[in-house]
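# A look at the structure
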Amino acid sequence: MQSSNVRRKHFWQARDWTDWLFSILLLLGAAGVYANYQSLMDGYEVFFLASSVVGFSLLGWFWSPIRSLIAGVAALSLSAIALYAGDLSLMQQKFLLKFLISSQSAVMWMNVLLILATLIYWLALFRKSAFTGKLATFLTWSAVVMGLTGLMVRWYESYLIAPDIGHIPLSNLYEVFILFCLITSMMYLYYEARYQTRQLGGLVMLVVSAAVGFILWYTFDRQANTIQPLVPALQSYWMKIHVPANFIGYGAFSLAAMVAAAYLLVDRGWGQKLLPAKALLDDLMYRSISVGFIFFTIATILGAMWAAEAWGSYWSWDAKETWALIVWLNYAAWLHLRLVKGLRGNLLAWWALIGLIVTSFAFLGVNMFLSGLHSYGTL
Amino acid sequence: MYFSKKLYELLSSMRFAVSVLTVVSIASIIGTVLKQNEPYNNYLIQFGPYWFDFFKMLGMYDIYHSAWFLLILLFLVTSTSLCVYRQTPQILKDMRQYREHLNEKSLRQFTHQKSLAYSISTAQAQAKLSDVLQQHDYRWRQETHADGSVMLAAKTGNYQKLGYIFTHVAIIIICIGGLMDGNVPLKIQELLGDKVVETRDIPVSQVSEKSKLSVRNLSFRANLTLPEGSRADVAFERVRDGYMVQQLPFTLALEDFRIEHYPTGQPKSFESDLVIMDPELKQPLKQTIKVNHPLTYKGITIYQSDFQDGGTDLQLNAWDLTGARNQPVKLAGKIFQQTQVGEGQGALQIEFDDFKKFNVLNLSKDIKAKPRNVGPSMIFKVRDSAGQAKEYLNYMQPLNLDGQFYFVSGMRATAQEEYKYLRIPADENMTLNSFMLLRAALFDERQHEQIAHRLVSRLLPEAHRDAQTTQKFESSVVQLLKQFTQGGYSSVARLIESSVPEAQREQVAKTYIKIINVAAQEAYQMALQQHPEVQANKSLEDKFLLDSLNSISDLFFYGTPFYLSLTNYEHHEASGLQLTRSPGKNLVYLGSILLVMGIFAMMYIRERRVWLLFKADAKQVLLAMSANRKNHDFDQDYEQLLQRCKLALRSEK
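How each quantity is defined
- Residues numbered from 1 in each chain as written.
- Chains lettered and ligands numbered in written order.
- Predicted model: local features only at pLDDT ≥ 70, side-chain atom pairs only at ≥ 80, totals over all residues.
- Heavy atoms only, no water.
- Contact = heavy atoms within 4.5 Å.
- Salt bridge = Lys/Arg side-chain N within 4 Å of Asp/Glu carboxyl O.
- Polar contact = N/O pair within 3.5 Å; in protein donor to acceptor, adjacent residues only side chain to side chain.
- Helix = DSSP H or I, 4+ residues; strand = E, 2+ residues; numbered from the N terminus.
- Pairing = 2+ DSSP bridges.
- Axes fitted to C-alpha atoms, helices over the stretch in contact; angles between N-to-C directions.
- Core = buried A, V, L, I, M, F, W, Y, C linked by side-chain atoms within 4.5 Å.
- Buried < 20%, exposed > 50% of the residue type's maximum accessible area, 1.4 Å probe, protein only.
- Domains from an automatic or database assignment.
- Expected span 1.5 Å × (residues − 1).

For the rest of this paragraph, the subject is the interface of chain B and chain A. At the junction of the two partners, chain B supplies 55 residues and chain A supplies 57 residues. Viewed at the interface, chain A and chain B are joined by two salt bridges. Residues Asp633 of chain B and Arg287 of chain A are paired through a salt bridge, measuring 2.7 Å at the closest nitrogen-oxygen approach. Summed over the shared surface of chain B and chain A, the result is 12 residue pairs in polar contact (both at pLDDT 80 or more). Those elements that place two or more of their residues in the side of chain B that touches chain A are helix 2 (14-33), helix 7 (160-181), strand 8 (267-277), strand 11 (300-309), strand 24 (573-581), helix 14 (584-604) and helix 15 (632-650) of chain B. Ranked by residues supplied to the side of chain B that touches chain A, first place goes to helix 14 of chain B with 12 residues.

Laid out in structure tokens, this is it:
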């Protein structure tokens, strides 16, 4: 190790000019929004706008590809908004909107790119080709750009339908499934870059592809892609933070489950030469579950605060709440065993894998089989 | 003494905590699968009397507030508290210690340790390595051992251990907050017999003191349905199959309730204009609440939870379905009130149950079509003198079904059944007039002979119009009309089955239907002439006739001798409010903050201990490192620190 790397830099010292440029651009963007829409914003909105500058700065400083992502998504979304020029019917008329960046098209591109990325990750794994692997990573990044653009444009489109219908696209199963694909892919990309684990891509992207399958079915069979107005209970600021926090949790738990699957494969001696070492997989599984656990905890607490405001009680033992508690207890026990008892190995891997079933039930099964207050996305 | 020690050990053990949590999880799952807090009658129907009582005894219908569930939570609090009590002294002691007394032999046992030689003076080496430690955010203590060696015992990430205390204390605080807001105090008072749940539907003034909760009640979650223009100073807390009356420290009045809709018909907002009257206020407090925007006054938060009818006034037309009367009788009704129709044995009671101003339905067969608002509807029951009731759902306006407009009325005998729908075709003015004119004309037995007489010229071939055949034909038409107007097509079918050989039945049925059709046409034309004052279609189109005859036939299964159509209404709404006082909420939030801090500390503060033992007799330092969690990061940190130390020792300055 070089001496220059060894010396620990403190947080502010570690910032270079690109960091500052990124933050200044974010700040300018936010200032533009504030200058144009100040009259329409309430206190919360101003607070959220300011927080988003800080939040995205930190995120971009922490992991630099986020900057290019934000720049790309901003460019595409702004182009779409410019093309729409306030008229939703142009969706079918302008070539770029119709085939690329109307929300529906962008989401379709995301779906296609994610499936393609999954296939190419597998190809790269078996052919042990570094170039093919890079291609898969690139495709995943492109999918994230398109998906995020899709959500952004959908947000704008909802306001074009009618100003009072406009809302952030986090309100039903279709929209949160897109979010799930994005978050899971991005978390995977982060670990891939940090730990050089491109061999895991195929396995992790299986979960994402399954979600894509659901989106496709939901779109073509149920027309779930149409923008619906918000029911009164959802008209709240809490939705903007409660839902994403929850999906970081779900995404991280899914990622952990797939890493656990890889661990179990390696443990049986399958794909030992192809997949990363057990120690790394074990570490990755732990990291992913701890990130998920923190966000899931925060999401549940935010949910409780929202429930207190909307339903009159911070905890109503609603089916979704109860299953969130079960998921939480499940991973709390997992972490307890690992951190306090120092347990490692197969048991925890199996547990993380089976945890995916519990998580999916809380995420999807509750909407399918049980009724309750959280029935925004029935199947 | 031995027993209490064993109990203490059991309760504070992790095994016990895990068992308790498992039971909580399983109970919670049952609670999500079995719908909670339904009316008890639903459970009775679902499980039958034996299992109903058994599950009732287990508290299955409100698991989360059952005594045993609360007891388990109490165990959880106890167990976690004991666990914290047991571990905290050790953790705090550990946090204070540097373990500077460790000797070379024990350091050599570490997995991560290495001896480093240096050429600079020991004092310099100590200074340089202290620098390194400082740069890595370590704090240390220096100690000279008995053998003359110097120990620098350092540590960082000390607060990781606080994470354990924080998370566990957080869970205790959250549970206590939750138990405070759960109905534990009420549960205890119930057990002592101080409070009794009221199950009868009686006015508040008749509810006994034992079923009332005072304004000082620590925590509650009560409901109140307030019609527009009314006021209340009590709310109702639902408990199992009954309720308790919660007295409020103020009077609450509802001035207005509004529902706004999106263009698609879905509700956009529910708003209530509330007025709080309290002698302590100089003037009444006026505030509008809506979903997500509650009002808090005197520690009681008032939420918009739902809405229902507040006694809408209805103007109705009652159409006779049995006799020859073709004009309706005007009737007035009010939701939640009753009206008597007829007298004596045949008297019927109409109970108006609900009114909905908007009904967003998808009427087309295409399930993907967009639902739209089809206008108002009302629900009422018709009860006979024996107490038997049928429930009806009538839409005010005709509904467009497959391109035709029909007045639709649903009927069911019990709440568990699906509605069976009667469809009456609307005429070109969108009224019931034409149908009712036709029905009355057909049902007028005095006219049957004349209808039959007119049919002769239309249906009987001229060659067969001799006196005998004509008379036979006329009498069979009269017979057929009688059957049809006494039991519809099924009655005609019975007539055919009893009098016609099987081989000819189909042919005869066709003829009969033809006769009924033509007879209906004639009857209608006669009625039009007799009742020029009725605004009705001038002729009967085939489809309208077909639909009309079908619905006449269905009337015999409709269950009441009249059809109620809604002609006008004055909408009165009632706002469904929820009033809660939950002092535990702040505790729960405090606990939540602690919990998040604790989890962060446990996972993201890296606890590290480093020992630098400078030997007395040689220019050598032993570096050892430990962490309570050995993972990838730990290896990296060790490697980094080792390199830094090596570099520092090598440099001259």
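A separate point is the sheet that holds strand 25 (residues 608-614) of chain B. Residue and element names in this part refer to chain B. Reading across the sheet, the five strands line up as 1-26-25-3-2 and stay open at both edges, with antiparallel pairing between neighbours. Across the chains shown, the open sheet's two edge strands, defined by having one partner strand only, are strand 1 (112-117) and strand 2 (139-144). Averaged over neighbouring strand pairs, the angle between their axes works out to 15° when direction is ignored. When strand 25 meets strand 26 (residues 620-626), the two strands line up antiparallel, connected through six bridges. When the bridges of strand 26 are listed, Leu613 appears paired with Leu622.

With that out of the way, let us pick up the nonpolar core. In terms of nonpolar packing, the biggest core is built from 145 residues, with Met110 and Phe247 of chain A together with Phe250, Leu252, Ile302 and Leu579 of chain B touching the most fellow members. Per-element tally for this core: the top contributor is helix 8 (residues 173-195) of chain A, with 17 residues. Non-local contacts of Phe247 of chain A, meaning those with residues more than four positions away in its chain, are made with Val176, Leu179, Phe180, Ile183 and Phe363 of chain A. Core analysis: the second largest hydrophobic core is formed by 67 residues, Met396, Met436, Met526 and Leu549 of chain B among them.

For chain A, the domain assignment lists domain 1 (1-62) and domain 2 (102-369). Each of domain 1 of chain A and domain 2 of chain A has a C-alpha centre, and these two points are 25 Å apart.

Right, let's get into the sheet that holds strand 12 (residues 313-320) of chain B. Residues and elements named next belong to chain B. The strand order across the open sheet built from three strands is 13-12-23, with neighbouring strands paired in antiparallel fashion. The open sheet terminates on both sides in strands that have one partner only, identified here as strand 13 (329-334) and strand 23 (562-570). Strand-to-strand twist across the sheet, computed as the mean angle between neighbouring axes with direction ignored, equals 30°. Looking at chain direction, strand 12 and strand 23 are connected through eight bridges and run antiparallel. Paired with Leu316 across the two strands is Leu566, which belongs to strand 23.

With that settled, the discussion passes to helix 12 (residues 319-339) of chain A. In a regular helix each residue adds 1.5 Å, so 21 residues correspond to 30 Å; helix 12 of chain A covers 30 Å between its end C-alpha atoms and thus fits that length. Counting buried positions along helix 12 of chain A yields 17 of 21 residues, so the element is predominantly enclosed.

Here the focus is the pattern of salt bridges. Residues and elements named next belong to chain B. Using the criterion set out here, one finds 39 salt bridges over all chains in the structure. Glu190 serves as the salt-bridge partner of Arg240, at 2.7 Å between the closest nitrogen and oxygen. Taken as a pair, Arg240 in the loop between strand 6 (231-239) and strand 7 (242-261) and Glu190 in helix 8 (residues 184-192) lie far apart in primary sequence, 50 residues in all. For Arg240, a relative accessible area of 32% puts it in the partly exposed group. The shortest N-O distance in the salt bridge between Glu607 and Arg609 comes to 4.0 Å. For the residue pair Glu607 and Arg609, the accessibility class agrees, reading buried in each case.

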